[in-house]
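Spelled out, the chains give:
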Amino acid sequence: MVQLSLIRQETTSTLEEYLAVLEVRARRLTGGETHTGAAARITANALASRVSRPLSPSDVRRVEAYFAAVLRRLILSARDPFGIRARQRLVAVSIESDLIDAGWPRLRAREEARRILGEPWPAEGVA
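Residues numbered from 1 in each chain as written. Predicted model: local features only at pLDDT ≥ 70, side-chain atom pairs only at ≥ 80, totals over all residues. Heavy atoms only, no water.

**A closer look at a nonpolar patch on the surface**
On the surface, V91, I116 and L117 cluster together to form a nonpolar patch covering roughly 230 Å² of accessible area. Structurally, L117 is set in helix α6 (residues 106–117). (Patch = residues over 30% accessible without salt bridge, like charges linked within 9 Å, V, L, I, M, F, W, Y side chains within 5 Å. Areas by Shrake-Rupley, 256 points an atom, 1.4 Å probe, with all protein chains shown as cover. Salt bridge = Lys/Arg side-chain N within 4 Å of Asp/Glu carboxyl O. Helix = DSSP H or I, 4+ residues; strand = E, 2+ residues; numbered from the N terminus.)

Here you go:
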């Protein structure tokens with residue numbers, strides 16, 4: 001999370017630079033690049049004329065939200081093996097997050113999500 005906070009403080013990033021950062025992070029979390037690349041391209045096309053240069057803090061939040069929504073839509077509708085695996089990871093992360101919000105320790109929540117769904121992500125892949 002430290003890296004993300006440093007990114008948010010960076011006010012000189014362009015849309016393209018920031019999307020590259022989001023794409024790398026999403027690839028690490030989802031386990032592939034098929035849909036992350038598409039999400040970055042769709043986000044760039046949709047927001048290129050709507051964000052400032054350099055990105056403001058509100059632009060950063062907007063880009064993050066748009067990219068996440070596009071990626072989620074692509075993953076949820078995918079039929080390929082990557083999409084199916086990424087969908088499992090999305091469910092696992094949601095379960096883990098819900099348990100942490102309910103007061104579970106992060107490690108125990110992760111173990112419970114794995115118990116329920118198997119091993120849908122690398123041990124260090126979920127932040």
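**A short note on unusual backbone geometry**
Look at the link from R53 to P54: it is a cis peptide, with omega at 5°. Tracing the backbone shows P54 in the loop between α3 (34–47) and α4 (57–77).

**Some details on α3**
The end-to-end C-alpha distance of α3, which contains 14 residues, comes to 21 Å, matching closely the 20 Å that a straight helix rising 1.5 Å per residue would cover. The elements touched by buried residues of α3 are α2 (15–30), α4 and α5 (81–101). (Expected span 1.5 Å × (residues − 1). Contact = heavy atoms within 4.5 Å.)

**Points about the confidence of the model for the protein**
Per-residue confidence for the protein gives a mean pLDDT of 83, with 83% of residues at or over 70. Under a pLDDT of 50 for its full length, residues 1–10 has, in the predicted model, 8 contacts with residues more than four places off or in other chains. (pLDDT = per-residue confidence, 0-100.)

**Comments concerning the packing of α3 against α4**
Two numbers describe how α3 lies on α4: the axes approach to 9 Å, and their chain directions differ by 135°. By the angle between their directions, the pair α3 and α4 is classed as oblique. In the packing of α3 onto α4, the handedness of the crossing is right-handed. Of α4, the residues touching α3 (which contributes H35, T36, A38, A39, A40, I42, T43, A46 and L47) are R62, V63, Y66, F67, V70, L71, R73 and L74. Looking at the contact of α3 with α4 residue by residue, the class counts come to 12 nonpolar, 3 polar and 2 charged. (Axes fitted to C-alpha atoms, helices over the stretch in contact; angles between N-to-C directions. Parallel < 35°, antiparallel > 145°, perpendicular 65-115°, else oblique. Left-handed = near helix turned anticlockwise from the far one by under 90°. Nonpolar A, V, L, I, M, F, W, Y, C, P; charged D, E, K, R; others polar.)

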